[in-house]
Amino acid sequence: MKLDARIPDGPLAQKWTKFKSSVRLVSPANKRKYEVIVVGTGLAGASAAASLAELGYRVKSFCFQDSPRRAHSIAAQGGINAAKNYQNDGDSVRRLFQDTIKGGDFRAREANVYRLAEVSVNIIDQCVAQGVPFAREYGGMLANRSFGGAQVSRTFYARGATGQQLLLGAYQALSRQVGLGRVRMFPRHEMLDLVVDQGRAQGIITRNLVSGELKAHEADAVLLCTGGYGNAYYLSTYARGSNATAIWRAHRRGALFSNPCFTQIHPTCIPVSGDYQSKLTLMSESLRNDGRCWVPKARGDRRPAAQIPEVERDYFLERLYPSYGNLAPRDIASRAAKRVCDEGRGVGPSGLGVYLDFSEAIGRLGESTVRERYANLFAMYHEITGESAYASPMRIFPAVHYTMGGLWVDYHLMSNVPGLFVLGEANFSDHGANRLGASALMQGLADGYFVLPYTLGDYLSQLKPGGVKKASETEAFWEATEAVQARTKKLLGIKGSKPVSDFHRRLGKILWDHCGMSRTKKGLEEGIQAVRGLRKEFWENVNVPGSGEDLNQSLEKAGRVSDFLELGELMCRDALERDESCGCHFREEHQTPDGECARSDKEFSHVSAWEYQGEGKAEVRHTEPLSYEEVQLATRSYK
């Protein structure tokens, strides 16, 4: 299969401008004749639905939560990047582009990343106009702070709740369109299948999570804005409801899945405290602006932090990466934390933790300033651990946080299935093998507010206005509905002895052990076999009580875990096939003498794109070559 990214011709800095000036348009009178489905109401979904409705399209918006405000975008606490250069410290669109390409270890599509950097400057103006309360300097200018992988301050923030405030801005824009009747909201509805007919996406099948009713929804185009698949690992910083079902069911209908092995491990999370846990909590990367990471120099030193003198502390990130220090990129900082813990120098009861110490910042700035910047994060840490980070260092350890892989899309954000668009974390397009901090919010809003309104119009202009067929009149909708019913009946009919959560927890351990921060050929092969065995056991022995005709959370979880069991194998297969180290994908066989990633650009400077072949059949791996016109491939260094 030849993958055409449909990247415009011309110089990199002019591609997006050229595209916008030559794109096909839909007249205002015709826009109201087209219907668009948007699945997901996080930043990408809410901004897309609001923007499209504002343009005049008829929009149906779906979320499985009771309100769009509960979307997981609220958990992106630290900030949003934009190349405004308010600090006059040398930032620019080109520098943000270069930092993002380098941060992703040269495994992202150049044209998409440049567009993201270019559009970033508009996002801040949009959000300020919506009333997002960004932090401000004394003189009234918007404030900025630093994030990992950058030597400039380009991150705009609202204390430690930036994602929440940005989501409220997008939600207000969405609510306005709901009030005007241009958006129909469907809360507590989960997408369970994509309907593809005559070679293009024409709708979805949903389940009402309260009543159990299955319903078909037709549309001229479908937008998936459903986030990432990190909950495959069970323990992660994702909300417990976050899942991969929408994108995985679309994959089973023909949409290619790209780079599934690229899973980001965030270095700044509260460590695991016991087997009873069902999720982990993120401490924002913004804390590493003022917090210093350290461990004892001596192995097995279990003294309280206050009793370890300065000369016996190893500020390992500052020692290993002096140019960036504690703001080294997430993949690099995570592996460094793992290494010192593997050496027996970890802190806390389990030894799987490092200190994030604010004593120097409190002494330099005063406790009041630190409270002003991070009070809600410190309060969250105290609520979970019972410890005050003002009095003693936080304890942190890496955890699964974000997925750079997702459905393959071209420059238009359309998958290989015509009419199926994928936005935000659900696609693969902008981050390569590692996402820089504060770039997730940037991508979600860029896709929804500023990219999709152009690219969707280009697609719809080729369709007859009002030409979408009723679901009840189309055989493809009946077939998809029957497939969902059959899967539900199969899950309910197993009547096994083990709960869904048992399989999910075991899958998470397999993936963490074999496809986590560090990977090997032998470990990945073992992981593939272990996932296959677990999936077989799931379909023979899972216990899903109740029926499919009313509220049934066990059934919801069973469907999502069954998808994770298929996706988990593909993650391991993709990691096995990518026989190099790059970004978050660290193969122990491929590392430099000082333990950093050793890429193989000749063999693997490409995007993997997996094609589903049917139940029980091996997926086929396709590739999209990555070519760089304005970036020179180099060994990534933050020393």
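Above this note sits the structure.
Quick summary incoming for the structure in this document. (Residues numbered from 1 in each chain as written. Predicted model: local features only at pLDDT ≥ 70, side-chain atom pairs only at ≥ 80, totals over all residues. Heavy atoms only, no water.)

Re the overall build of the protein
A count of helical and extended segments in the protein gives 17 helices and 19 strands. The C-alpha atoms of the protein give a radius of gyration of 24 Å, which matches the 26 Å a tight globule of 639 residues would have. Oriented by its inertia axes, the alpha-carbon framework of the protein measures out at about 75 × 60 × 50 Å. For the protein, restricting intrachain contacts to residue pairs at least 6 apart in sequence, the fraction spanning at least 24 positions comes to 74%. A total accessible area of about 23,900 Å² is found for the protein, and carbon and sulfur atoms account for 49% of it. Distance between charge centres in the protein, computed from 82 positive and 73 negative side chains, equals 2 Å. (Helix = DSSP H or I, 4+ residues; strand = E, 2+ residues; numbered from the N terminus. Rg over C-alpha atoms; globule rule 2.2 N^0.38 Å. Contact = heavy atoms within 4.5 Å. Areas by Shrake-Rupley, 256 points an atom, 1.4 Å probe, with all protein chains shown as cover. Lys, Arg positive; Asp, Glu negative; His and termini not counted. Charge placed at Lys NZ, Arg CZ, Asp CG, Glu CD.)

Here we look at unusual backbone geometry
What is expected of a backbone is that most residues other than glycine have negative phi and most peptide bonds are trans. With a phi angle near 60°, F106 is a residue other than glycine that sits in the positive phi range. Tracing the sequence through the fold places F106 in the loop between α4 (93-103) and α5 (110-129).

Concerning the sheet that holds strand β16 (residues 406-407)
With respect to topology, four strands assemble into an open sheet ordered β16-β10-β18-β19, the strand pairing being antiparallel. Edge strands, defined here as strands with exactly one partner in the open sheet, are β16 and β19 (620-625). Relative to β19, strand β18 (residues 606-611) runs antiparallel, the two sharing six bridges. Directly across from A609, in β19, lies its bridge partner H622. (Pairing = 2+ DSSP bridges.)

Some words on the packing of helix α3 (residues 43-55) against helix α12 (residues 440-460)
The angle between the axes and the distance between the axes are what describe a pair of packed helices. Across the interface, α3 lies against α12 with an axial gap of 8 Å and an inter-helix angle of 30°. In terms of their interaxial angle, α3 and α12 are classed as roughly parallel. The two elements α3 and α12 cross, and the hand of that crossing is right-handed. Contact with α3, carried on its side by L43, A44, S47, A48, S51, L52 and L55, involves L441, G444, L445, G448, Y449, L452, P453 and L456 of α12 and no other residues of that element. Its residues assigned to classes, the contact of α3 with α12 comprises eleven nonpolar, four polar and no charged. (Axes fitted to C-alpha atoms, helices over the stretch in contact; angles between N-to-C directions. Parallel < 35°, antiparallel > 145°, perpendicular 65-115°, else oblique. Left-handed = near helix turned anticlockwise from the far one by under 90°. Nonpolar A, V, L, I, M, F, W, Y, C, P; charged D, E, K, R; others polar.)

Here we look at helix α7 (residues 245-252)
Counting buried positions along α7 gives seven out of eight residues, so the element sits mostly inside the fold. Where α7 is concerned, the buried positions are T245, A246, I247, W248, R249, A250 and H251. Following α7 by one or two positions, G254 has its phi on the positive side, about 120°. (Buried < 20%, exposed > 50% of the residue type's maximum accessible area, 1.4 Å probe, protein only.)

Thoughts on the pairing of strand β11 (residues 263-269)
Across the seven residues that make up β11, a large majority, seven, are buried. Where β11 and strand β15 (residues 394-403) come together, five bridges link them in antiparallel fashion. Residue C269 lies in a different strand from β15, and its bridge partner there is F397.

Comments concerning the pattern of salt bridges
According to the stated counting rule, one finds 56 salt bridges in the structure shown. Across the pair R288 and E285 runs a salt bridge whose closest N-O atoms are separated by 3.1 Å. Both residues of the pair, R288 and E285, count as buried. Of the charged contacts, one joins R345 and D314 as a salt bridge, the two residues approaching to 2.9 Å between their closest N and O atoms. One end of the pair, R345, is in the loop between α9 (330-342) and β14 (354-357); the other, D314, is in strand β13 (residues 313-314), with 31 residues separating them in the sequence. Residue R345 shares its accessibility class with D314, and that shared class is buried. When salt bridges with common partners are traced through the structure, they connect D105, R107, D331, R335, R578, E580, R599, D601 and R636 into a single cluster. (Salt bridge = Lys/Arg side-chain N within 4 Å of Asp/Glu carboxyl O.)

Description of the packing of aromatic side chains
Given two aromatic rings, their pairing is described by the distance between the two centres and the angle made by the two planes. Applying the stated rule across the entire model yields 21 aromatic pairs. Between W16 and Y411 the ring centres are 6.2 Å apart and the planes differ by 65°, which places this aromatic pair in the edge-to-face class. Here W16 is found in helix α1 (residues 15-22), whereas its partner Y411 is found in the loop between β16 and β17 (420-422), with 395 residues between them in sequence. Judged by its relative accessible area of 2%, W16 is buried. By relative accessible area, which is 1% here, Y411 ends up buried. Note on F358 and Y374: the rings are 6.2 Å apart at their centroids and 55° apart in plane angle, and the pair reads as tilted. Of this pair, F358 sits in the loop between β14 and α10 (359-365) while Y374 sits in helix α11 (residues 367-385), and the two are 16 residues apart along the sequence. (Phe/Tyr/Trp six-rings, centres within 6.5 Å; stacked < 30°, edge-to-face > 60°.)

Quick notes on the packing of α1 against α12
Closest axis-to-axis distance for the α1/α12 pair is 10 Å, and the angle between their directions is 40°. When the axes of α1 and α12 are compared, the pair comes out oblique. Seen from above, α1 lies across α12 with left-handed handedness. Across from W16, F19 and K20 in α1, the residues of α12 making contact are F450, V451, Y454 and T455. Grouping the constituent residues of the contact of α1 with α12 by class yields five nonpolar, one polar and one charged.

Things to note about the sheet that holds strand β5 (residues 183-186)
Strand-to-strand pairing in sheets goes through backbone hydrogen bonds, with the strands running parallel or antiparallel. One open sheet accounts for five strands, arranged β5-β2-β1-β9-β17; its pairing is parallel. Whereas interior strands pair on both sides, the edge strands pair on one side only; in this sheet they are β5 and β17. Taking each pair of neighbouring strands and ignoring which way they run, the sheet shows an average axis angle of 20°. Inspection of the sheet shows strand β1 (residues 35-39) paired to strand β2 (residues 58-62) by five bridges, in the parallel sense. Among the inter-strand pairings, I37 is bridged to a residue of β2, identified as K60.

Quick notes on α1
Turning to α1, its buried residues are K15, W16 and F19. The arc that holds every buried residue of α1, seen down its axis, measures 95°, which confines them to one face. Summarising the contacts, the buried residues of α1 are in contact with α5 and α12. (Arc of directions from axis to C-beta.)

With respect to the side chain of R573
If you trace the backbone, R573 turns up in helix α16 (residues 553-577). An unpaired buried charge is present at R573: no salt bridge exists, and E577, the closest side chain of opposite charge, is 4.7 Å distant. Aside from chain neighbours lying at most four places away, what touches R573 is I528, W610, A618 and E619.

Let's talk about the nonpolar core
Within the largest apolar cluster, 139 residues are counted, with the highest numbers of intra-cluster contacts made by I80, L223, L224, L420 and L460. Top element by residues in this core is α12. It accounts for eleven residues. Ignoring any residue separated from it by four or fewer positions in sequence, one finds L420 in contact with L194, A201, V222, L224, A250, A255, L413, M414 and S415. (Core = buried A, V, L, I, M, F, W, Y, C linked by side-chain atoms within 4.5 Å.)

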